[in-house]
Amino acid sequence: MENLGIRLSARPRVAVVGGGWAGLAAAVTLADWAEVTVFEAGRVLGGRARRLARAPDGVFDNGQHLLLGAYSECLRLMRRVGAAPEALLWRTPQRLDIAGEHSFAMPPWPAPLNQLAGWLGWRGAPWGERWRWLRALLALRAQGFAAPPEQTVADWLRQQGQSAWLTRTFWEPLTLAALNTPIERAAMACLAAVLRDGVAGPAAHSDMLMPRVDLSALFPEPAAHWLTAQGHAIRVGYRVKSLFPVQDGVEVDGEHFAAAVLATAPQHVTALLDRKREDAADWLAPINKLDYQPIYTVYLRAHRPEALPQPWLGLVDAPWGQWVFDRQRCTGHAGWLALVISGPGPHQAWSAAELLSRAAAGLNQRFAGLGAQAEGQVIAERRATFSCDAGLTRAAAQGPWPRLALAGDHVAGPYPATLEGAVRSGAHAAYLLKKVLNC
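Residues numbered from 1 in each chain as written. Predicted model: local features only at pLDDT ≥ 70, side-chain atom pairs only at ≥ 80, totals over all residues. Heavy atoms only, no water.

Draft legend 1. Spotlight on the sheet that holds strand 11 (residues 208-211). Spatially, 7-11-8 is the arrangement adopted by the three strands of the open sheet, whose pairing is antiparallel. The sheet is open, and its two edges are formed by strand 7 (67-68) and strand 8 (89-92), each paired on a single side. (Pairing = 2+ DSSP bridges. Helix = DSSP H or I, 4+ residues; strand = E, 2+ residues; numbered from the N terminus.)

Shown next, in the form of structure tokens:
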């Protein structure tokens, strides 16, 4: 098989350990100049953004993801492997609807006109609160959407004089959705980067992109099909046990490769490397110090999901759910709702049955005629993301050995744990190895 006029057998062999979004982004990027083998321990590709189970009338993912128009690398790589974003993603102008509180929507206009229009049409927000919010956003813009590394979101909100109402109904939901970290711990620098790319850039960057298909079908499976069509290897259900440096490459479970990308979840990195090797100790230190935050996704049935005023809504003062999604309007799965709970809370102590019961009762109380039922499935990802804490030191992409690179949303970069952060890190890891191998 030939690709770009070069036989695969004449190229360096590169291993990618981990078939999530970061690992597959690395593999697709490597494919132009290397012979790639992807190792994935699970049976389904996608890592922490994958299809989990199929039901007769729906599909469960291991989380509910929204993309942004600013996710340029995600969109570029989707197009490259034949996964057309126009067909697989539902694009809509950005909005933040908090049930019973307010509705903030930005039209598809260039910044800052979109923000001004959203501010003027902000339903449910008193004018005093609007002025406080506008002053804070203008201050952030004047700072170039940057913040000191040690500053928390809560510190910044106090500095900007944001009210309890704005904090509870705007900033807290936004921070948990973007960073999955409580505002008392969350890094303002990361939230500022999200706001810069998602609010202050070109009009299309602020759009919200809802997947119309399950998360594995959105990018991981098209990427795998594309890679195998190019002659590369995907080993699903293969759990790598060790990586070891050799003079001219890296051994993966004793199999020789010219280089490797390590793209597993961070908690698995240390176990894969020889922890007795002094050359890896300093590099591993930031990974070993990471803390994690949970995300619970509660799938439950409803007789009339269209009783929700919007396809997705934010909820405040509801420990059983912070966001509710109508799966029928979002992904075509009739009769299903998805509730998302980011970060820690009392829900962690509840059984699945209790959480389903509380969620159904709470939704029915808030939305007349919804008919939510206490049946479905609870997906508990207890280490869903790293905790995006202020002052956090993240691991370098360059590994402890020249021919090993690290990929994943936890790798050093401006973004929190997002699909875009994962995909960018995978592409960056591939470019690092290309430079090392002089390809």
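That shown, we press on.
Draft legend 2. Up close: the packing of helix 1 (residues 21-30) against helix 15 (residues 419-436). Orientation of helix 1 relative to helix 15, taken along the N-to-C sense of each, is 40°, at an axis distance of 7 Å. With respect to their mutual orientation, helix 1 and helix 15 come out oblique. Where helix 1 crosses over helix 15, the handedness of that crossing is right-handed. When helix 1 is examined against helix 15, the residues W21, A22, A25, A26, T29 and L30 are found in contact with a partner set consisting of L419, A422, V423, S425, G426, A427, A430 and Y431. A class-by-class count of the residues in the contact of helix 1 with helix 15 yields 11 nonpolar, three polar and no charged. (Axes fitted to C-alpha atoms, helices over the stretch in contact; angles between N-to-C directions. Parallel < 35°, antiparallel > 145°, perpendicular 65-115°, else oblique. Left-handed = near helix turned anticlockwise from the far one by under 90°. Contact = heavy atoms within 4.5 Å. Nonpolar A, V, L, I, M, F, W, Y, C, P; charged D, E, K, R; others polar.)

Draft legend 3. Summary view of the packing of helix 1 against helix 2 (residues 72-80). Between helix 1 and helix 2, whose axes approach to 11 Å, the crossing angle comes to 55°. Classified by the angle between their axes, helix 1 and helix 2 sit oblique to one another. Note that helix 1 runs across helix 2; the crossing there is left-handed. Residues W21, A25, V28 and T29 of helix 1 lie in contact with helix 2, whose contacting residues are C74, L77 and R80.

Draft legend 4. Local environment of helix 10 (residues 220-229). Within the span of helix 10, buried status applies to P220, P222, A223, A224, W226 and L227. Among the structural elements, helix 1, helix 2, helix 9 (215-218) and strand 12 (233-236) are those in contact with the buried residues of helix 10. Positive phi appears at G231, one or two residues downstream of helix 10, with a value of about 100°. (Buried < 20%, exposed > 50% of the residue type's maximum accessible area, 1.4 Å probe, protein only.)

Draft legend 5. Quick look at the sheet that holds strand 3 (residues 13-17). Here five strands make up an open sheet; going across it, the order is 12-4-3-16-22 and the pairing parallel. Because the sheet does not close on itself, it has two edges, and the strands there are strand 12 and strand 22 (404-406). Along the sheet, successive strands turn relative to each other by an average axial angle of 15°, direction set aside. Relative to strand 12, strand 4 (residues 35-40) is paired through four bridges, and the arrangement is parallel. In the sheet register, V38 faces strand 12, and the bridge partner there is I234. Its contacts with the sheet put helix 1 on strand 3, strand 4 and strand 16 (259-262), and the angle it makes with strand 3 is roughly 165°.

Draft legend 6. Quick look at a nonpolar patch on the surface. Residues W109, L113, L116, L120, W127 and W131 make up a contiguous nonpolar surface patch of about 650 Å² in total accessible area. When contributions to the nonpolar patch are tallied by element, the ones reaching two or more residues are helix 4 (113-120) and helix 5 (127-142). Counting residues per element, the nonpolar patch draws most heavily on helix 4, which supplies three residues. Take L116: it is sitting in helix 4. (Patch = residues over 30% accessible without salt bridge, like charges linked within 9 Å, V, L, I, M, F, W, Y side chains within 5 Å. Areas by Shrake-Rupley, 256 points an atom, 1.4 Å probe, with all protein chains shown as cover. Salt bridge = Lys/Arg side-chain N within 4 Å of Asp/Glu carboxyl O.)

Draft legend 7. Here's a closer look at unusual backbone geometry. Although it is not a glycine, F145 adopts a positive phi angle of roughly 50°. Relative to the elements of secondary structure, F145 occurs in the loop between helix 5 and helix 6 (153-159). A relative accessible area of 8% means that F145 is categorised as buried. Positive phi values are uncommon outside glycine, yet N180 reaches one of about 50°. Residue position: N180 is located in the loop between helix 7 (164-179) and helix 8 (188-198). N180 gets classed as buried once you look at its relative accessible area, which sits at 4%.

Draft legend 8. Looking closely at the packing of aromatic side chains. Counted according to the given criterion, the structure contains 17 aromatic pairs. Their ring planes at 80° and their centres at 5.4 Å tell us that W119 and W127 sit as a pair that is edge-to-face. Ring centres of F170 and W171 lie 4.9 Å apart, and the angle between their planes is 80°; this geometry places the pair in the edge-to-face category. The class for F170 is buried, based on a relative accessible area of 6%. We note R130 situated over the ring of W127; from NZ or CZ to the ring centre the distance is 4.1 Å. Above the ring of W350, the side-chain terminus of R358 is found at 4.1 Å from the ring centroid. (Phe/Tyr/Trp six-rings, centres within 6.5 Å; stacked < 30°, edge-to-face > 60°. Lys NZ or Arg CZ within 6 Å of the ring centre and 35° of its normal.)

Draft legend 9. Layout of the nonpolar core. One finds W21, L30, W133, W171 and V261 to be the most contacted residues of the largest nonpolar core, which totals 103 residues. No other element matches helix 1, which puts eight residues into this core. The next biggest cluster of nonpolar side chains, apart from the first, holds 24 residues, and it includes V298, A307, L313 and L337. (Core = buried A, V, L, I, M, F, W, Y, C linked by side-chain atoms within 4.5 Å.)

Draft legend 10. Quick look at the pairing of strand 9 (residues 95-98). With four bridges joining them, strand 9 and strand 10 (residues 102-105) adopt antiparallel strand pairing. Pairing of D97 across the sheet is with S103, part of strand 10.

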